[in-house]
There are 2 protein chains.
Amino acid sequence: MKTQSQIKQTSFHPTRGFIYNYQKLVKDTVIPYQYEVLNDRAEDAPKSHVIQNFINAANVLRGKDKGDGFYGMVFQDSDAGKWLEAVAYSLSIFPDEKMEANADALIDLMAAAQDANGYLDTYFIIENQEKRWTNLLEAHELYCAGHLLEGACAYYEATGKRKFLDVMTKYVEHIYDVFINEKKEGYPGHPEIELALLKLYELTGNEHALALAEHFINVRGVDPFYYEKEVKSRDWIVWGSDATNHRYQQSHEPVRDFKEATGHAVRAVYLYTAMAHLASRTNDAELLAACKRLWKNITECQMYITGGIGSTVHGEAFSVNYDLPNDTAYAETCASIGLMFFASKMLENEIDGKYGDVMEQAFYNTVLAGMELDGKRFFYVNPLESIPGIAEETATRKHDLTRRPGWYACACCPPNAARLISSFGKYAYGENASTAFCHMFAAGTVDFENGLHVECSTEYPYDFTVNYEVTGHNTLAIRIPAWSKNTTIRINGLACTLPLEKGYLYLPVEGKASVTIELDSTPRIMYPSAKVPALTGYGCVMRGPLVYCFEGVDNDNDVLSLKLRNDAPITVLEEGSMLPSMVAKHRISDAKLKEQLCGATKLRVPATRITVSEALYSDEAPTSVNCDAIAIPYYTWCNREKSQMRVWLPLH
Amino acid sequence: MKTQSQIKQTSFHPTRGFIYNYQKLVKDTVIPYQYEVLNDRAEDAPKSHVIQNFINAANVLRGKDKGDGFYGMVFQDSDAGKWLEAVAYSLSIFPDEKMEANADALIDLMAAAQDANGYLDTYFIIENQEKRWTNLLEAHELYCAGHLLEGACAYYEATGKRKFLDVMTKYVEHIYDVFINEKKEGYPGHPEIELALLKLYELTGNEHALALAEHFINVRGVDPFYYEKEVKSRDWIVWGSDATNHRYQQSHEPVRDFKEATGHAVRAVYLYTAMAHLASRTNDAELLAACKRLWKNITECQMYITGGIGSTVHGEAFSVNYDLPNDTAYAETCASIGLMFFASKMLENEIDGKYGDVMEQAFYNTVLAGMELDGKRFFYVNPLESIPGIAEETATRKHDLTRRPGWYACACCPPNAARLISSFGKYAYGENASTAFCHMFAAGTVDFENGLHVECSTEYPYDFTVNYEVTGHNTLAIRIPAWSKNTTIRINGLACTLPLEKGYLYLPVEGKASVTIELDSTPRIMYPSAKVPALTGYGCVMRGPLVYCFEGVDNDNDVLSLKLRNDAPITVLEEGSMLPSMVAKHRISDAKLKEQLCGATKLRVPATRITVSEALYSDEAPTSVNCDAIAIPYYTWCNREKSQMRVWLPLH
């Protein structure tokens, strides 16, 4: 079985194009804005108090007054970890002295807030010393530790500075003491530290980190009643979460027995990511088999076409197979980010194009939809239908907002999107000793450790030609997306027919090669399985990895009376569209460019529009006239005035 | 404007046919079973304690021990009122000494449980004496009083016995003292007593009852903050209901300003019923205008095609216009019963066929669907789609059960259905001095007070011929349903063309006449307005007043892959179907008859069945083959083994 090991972030340098634009946006807008939030200086954001929490914790440790105490969610510290991680990735692409100085200052603060024994969690240091490790179900200590640890690994990788890594390694030792040496029972309420510990192990070879990750994965669900016992053993709660719902807690059985994805979607995919990572490092066939079952269940029974997962707001969770409502969808941005993590780690177990297909599906649709085109507003929830007047207004759809808010009190998604976008190269490229893998298309320079040097240029996802100028002696493997039904491959200018192996094209490179892939740019109508009740009789439109949607603002303010025709071709509208490389110089400040969806290519889709009857029900069939509907990429929805939005339309 | 006054129940005597069968079922099965429940002798029902509560309350009043105290919901007494009301209606059709003796005994118990000042509510008499009238928001005192009063009126009408009526008249005087003489602020948390007081006024001319009803209607919403003040003024709660949601509490504005139906659906239509009744008695044009607005809003923007209302489980409430999801529907049985009440009282303001159309829509679909064909199990919630594996399983659909339960702890619907069915004649027929109205079709003998005598025979809703043999001197008005596009009218055997006036046929009768109406029996496909997001691209099937649905058990256990064709006629399947008059002798005991849906006429509906793809999403259009789908009346769903059910199918 072909597998990869992970390539270092520093080896990918974006040049220009779609990914570059987004990484630049994160550097110029998202990261600076988030820093203002962490410092409580952002005007339109709820108070964060993240940095003040570290200051207050440090004061408590030095015997001083706790100031205004702890404020925020119990997992408030994690925002600092995610911000530092995003900064780290960004610095490796776009050096920035001021940003790095801010990061160093925050790291100094964190170091000062670390207890002598290594413990570091401001919620417990400031006000709840004696409660440490007594509420794994809700208190997110291990979750926060995980995010800080991810930040520390990334910051060391990007800057070579050890301070944050040393702080977190000390904390890991403390956790190791508690759970391994002192044999404290239990496992993380919100999985996250497992995947972070494995990152630390990859980076430094820390065997305690590996052992601790393995421990948390192995003990999970062996005693499904752990949380219930924990609730009984303590006299405090955070929210009073239901400890008896074992499937929701992903503790209903040992992880190697998992058959389907259950419970909180983000927790699920973070856990599965660690399981897949561990399986690849320990050649644990049973664990890998569980991961494959979970992958199959998610992608074949529980995933929106946008790559969104976790269809219900109740617990931000997976529902049951085929329960994928468009209007009440949860489909949290973070869950799709976690799905990308999971896919990426599955690639370390087996090279198969299906993982990259889903990474793209999640990234280009749900992850990007989570952020306004100007990088200033964010969606947590990503519905596939939004009808103003119903969405957001009704009790079942309070979560389905019709505008992206500027910030959230529970702000997991914005910094998560920032770190994912900034580290896109980690997911796009991978390698092992003999092969360099291109899992996703991202223009830039890639230096593989196995010796291949690649210059990739493309205007993907708005142009379907990808060129690789390769030097070195090794195999280059390029994923050809499953949706590309007609792909032309040119090697040194010559079109050639080559077999794919599980979705990958394998090209031995001897010295120098020019490889050009021309992917299928034909828009296509997608049909759901009739197993999905919410979608029967419907179709939607995709082009390349992009799911398209219909907004009222382009369609006479009424998308509900539109039906999709599949008897005529869809037209790609070049007018107003712009290649990604042209967007960067306008971006952010140019409100008009946002109004033009940053030049995103629209489609003219054959449709019919039916008469809208005033009667609620009628025995007269509505008449319909052919019309053209205008579709825009789903990720660009809700960037203009508020209007109806639908991904799926009834088929004519 | 043509209007009616209410006909007395005793003047309608069902003979045989559909309504007779149901009234017999209620008498033979539902009422006796409910009596066992009230006495805590029904094996498969949760403890009711209703009768024991009255015993315990009587003991408390006599200074004895309270026994096992009060048990049940705060509104537990109302079950006794509804049961007695159903008994009363039933006795007027089917005299039954034993049933009447049981009722008399219960009335004796209730009389013993009445406080010296007239107060009668076991929750407060047994355990919470000092809390009376302090929690109008939640404690349902006025609601229980209303149901007992309705029972008392019906029992007096049916039996001529005054005891219950005297008890309740005394209670009404006490309430009058509290709210009128002592000027206690506030209005009912759950409207109900308003319509009951108006019934008392109609029956006995009690002016205090009229004044009290008018008072509660007039003060409602004038101070929208009443409930909030009430919450602050007391130190106890029932559930801790949100007093700040004025729209939900139907107290956001004075009722004459109401623009659309809001809040708890049952409360809403009970209130609107009383408003319509009062408007007809006081010629209150402003109040009537509000009722018309509410009627229009409900029936044109917030009603399922089954006559179900209140689309959301959150608060059992109206949602917003056009938010009518099939799968998460609430559509409580009681709300459709209340909608019939409202329609019936609108007819006392203006004769218009639209009210009868909706009464039938609600009755023949949602109200009847609320009860299993054998009268032993009941639905509270009536979804229009039920997919086992999703329905009932997911957090959003815990309320959408896939089997009717035997009884509920909150048992409002079963006795409500029993009293509605038993008093069907009250809704089917009405009159004023010059005209006898036939609003709905029900076989039997009707003696109008204005002198007309009518013998109606019909096998409606399974046969579409209705015959009236009329004697007397007055006008007979027959509603011709709006769905009947081709109606033949024969007078004394001669087909004639007569104009309709707002959906009614007006026939002067001089001495004797034979009138035969042949309604349109053609099954029809119904189309939703494109304003309803949940229904775009869908169609459903109706025949007469019956909405049809598709169950897996008739359709290869898969209704999700079915699409509806409208290019070929729907066939009425006579095989296995049975005229309503033939059903009665088999009914109840014959399990096989239930399996055959009591002979309900099925339809063979032109459809296509698409291939079900294993892939969740595919760019290959599914192939489809023409097929026949079998449809059954919606009210008969879920009487066989558990399977998928859909009312609406995608249109091919």
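Residues numbered from 1 in each chain as written. Chains lettered and ligands numbered in written order. Predicted model: local features only at pLDDT ≥ 70, side-chain atom pairs only at ≥ 80, totals over all residues. Heavy atoms only, no water.

Visitor: Where do I start with the relation of the copies chain A and chain B in this structure?
Guide: For the pair of chain copies, the relating operation is a rotation around an axis with a shift along it. Between chain A and chain B, the superposition needs a rotation of 180° and an axial shift of 0.0 Å, giving an RMSD of 0.0 Å. Overall, the copies show the geometry of a two-fold rotation axis. Looking at chain A, 100% of its interface residues are interface residues in chain B too, so the copies touch through the same face. (Least-squares fit on C-alpha atoms with pLDDT ≥ 70 in both. Contact = heavy atoms within 4.5 Å.)

Visitor: Would you take a moment to explain the interface of chain A and chain B for this structure?
Guide: Interface size is often expressed as the accessible area that is lost when the parts come together. In this assembly, 57 residues from chain A lie in contact with 57 residues from chain B. Summing the contributions of chain A and of chain B, the shared interface buries around 4300 Å²; its carbon and sulfur component is 60%. Among the residues of chain A in contact with chain B, Tyr527, Leu616 and Tyr617 of chain A are the three that bury the most area, contributing 18% of the side total. Run the count over chain A and chain B and you get 6 salt bridges. A salt bridge links Asp323 of chain A to Arg397 of chain B; its shortest N-O distance comes to 2.8 Å. (Buried area = accessible area lost by both parts, 1.4 Å probe. Salt bridge = Lys/Arg side-chain N within 4 Å of Asp/Glu carboxyl O.)

Visitor: Please explain the packing of aromatic side chains as it appears in this structure.
Guide: When we look at a pair of aromatic rings, we describe it by the centre distance and by the angle of the planes. Residues and elements named next belong to chain A. The final tally for this structure, using the stated rule, is 79 aromatic pairs over all chains. Ring pairs connect the aromatic residues Phe18, Tyr22, Phe363, Tyr364, Phe424, Phe441, Tyr460, Tyr462, Phe464, Trp483 and Tyr635, which therefore count as one cluster. Positioned over the ring face of Tyr71 is Lys47, at 4.1 Å from the centre of the ring. (Phe/Tyr/Trp six-rings, centres within 6.5 Å; stacked < 30°, edge-to-face > 60°. Lys NZ or Arg CZ within 6 Å of the ring centre and 35° of its normal.)

Visitor: Got a minute to help me understand the packing of helix α6 (residues 141-159) of chain B against helix α7 (residues 163-181) of chain B in this structure?
Guide: Geometry of a packed helix pair, given as the angle between the helix axes and the separation of the axes. All names here are of chain B. The geometry of α6 relative to α7 is characterised by a closest axis approach of 9 Å and an angle of 145° between their N-to-C directions. Both α6 and α7 take part in a crossing whose hand is left-handed. Along its contact with α6, which presents Glu141, Leu142, Ala145, Leu148, Leu149, Gly151, Ala152, Cys153, Tyr155 and Tyr156, the element α7 presents Phe164, Leu165, Met168, Tyr171, Val172, Ile175 and Phe179. Classifying every residue of the contact of α6 with α7 gives 15 nonpolar, 1 polar and 1 charged. (Axes fitted to C-alpha atoms, helices over the stretch in contact; angles between N-to-C directions. Helix = DSSP H or I, 4+ residues; strand = E, 2+ residues; numbered from the N terminus. Left-handed = near helix turned anticlockwise from the far one by under 90°. Nonpolar A, V, L, I, M, F, W, Y, C, P; charged D, E, K, R; others polar.)

Visitor: What exactly am I supposed to notice about the pattern of salt bridges here?
Guide: For side chains bearing opposite charge, pairing can occur when the charged atoms are close. All names here are of chain A. Here the structure, examined in full by the defined rule, presents 92 salt bridges over all chains. Put simply, Asp327 and Arg397 hold a salt bridge, and the shortest N to O gap is 3.1 Å. A residue pair is termed long-range when its members are at least 10 positions apart, and Asp327 in the loop between α12 (285-301) and α13 (333-346) and Arg397 in the loop between β3 (385-386) and α15 (413-422) qualify at 70 residues. The exposure class of Arg397 is buried, given its relative accessible area of 4%. Residues joined by salt bridges that share partners form a network here, namely Glu85, Glu150, Lys199 and Arg419. (Buried < 20%, exposed > 50% of the residue type's maximum accessible area, 1.4 Å probe, protein only.)

Visitor: I tried to follow the nonpolar core on my own but got confused; where do I start?
Guide: Generally speaking, a soluble globular protein has its nonpolar side chains buried in company with each other. The biggest cluster of nonpolar side chains holds 447 residues, and the ones touching the most others in it are Tyr272, Met275 and Tyr468 of chain A together with Tyr272, Met275 and Tyr468 of chain B. When residues no more than four places from it in sequence are discounted, the contact partners of Tyr468 of chain A are Cys438, Phe441, Val454, Glu455, Cys456, Leu476, Ile478, Ala513, Ser514, Val515 and Ile517 of chain A. (Core = buried A, V, L, I, M, F, W, Y, C linked by side-chain atoms within 4.5 Å.)

Visitor: Sorry, what's going on with the domain arrangement of chain A here?
Guide: Residues and elements named next belong to chain A. For chain A, the assigned domains are domain 1 (5-427), domain 2 (451-518) and domain 3 (525-650). Here domain 1 and domain 3 have C-alpha centroids that lie 33 Å from each other. With both sides pooled, the region where domain 1 packs onto domain 3 buries about 3300 Å², and carbon together with sulfur makes up 62% of that total. Here domain 1 and domain 3 share 4 salt bridges between them. Two residues, Glu385 and Arg646, come together in a salt bridge whose shortest N-O distance is 2.8 Å. Counting the contacts that link domain 1 with domain 3 gives 14 residue pairs in polar contact (both at pLDDT 80 or more). Broken down by secondary-structure element, the contributors of at least two residues to the side of domain 1 that touches domain 3 are α1 (18-38), α14 (353-369) and β3. At 7 residues, the largest contribution of residues to the side of domain 1 that touches domain 3 is made by α1. (Domains from an automatic or database assignment. Polar contact = N/O pair within 3.5 Å; in protein donor to acceptor, adjacent residues only side chain to side chain.)

Visitor: Hey, could you run me through the confidence of the model for chain A in this one?
Guide: Low-pLDDT stretches of the model should not have their predicted coordinates read in fine detail. Within chain A, residue pLDDT values average 94, and 97% of them lie at 70 or more. If you check the scores for this complex, the pTM reads 0.95 and the ipTM reads 0.94. (pLDDT = per-residue confidence, 0-100.)

Visitor: What exactly am I supposed to notice about helix α6 (residues 141-159) of chain A here?
Guide: All names here are of chain A. The end-to-end C-alpha distance of α6 is 27 Å, a good match for the 27 Å that 19 residues give at a rise of 1.5 Å each. Most of α6 sits inside the fold, with 15 of its 19 residues counted as buried. Once α6 ends, the next one or two residues include Gly160, with phi positive near 75°. (Expected span 1.5 Å × (residues − 1).)

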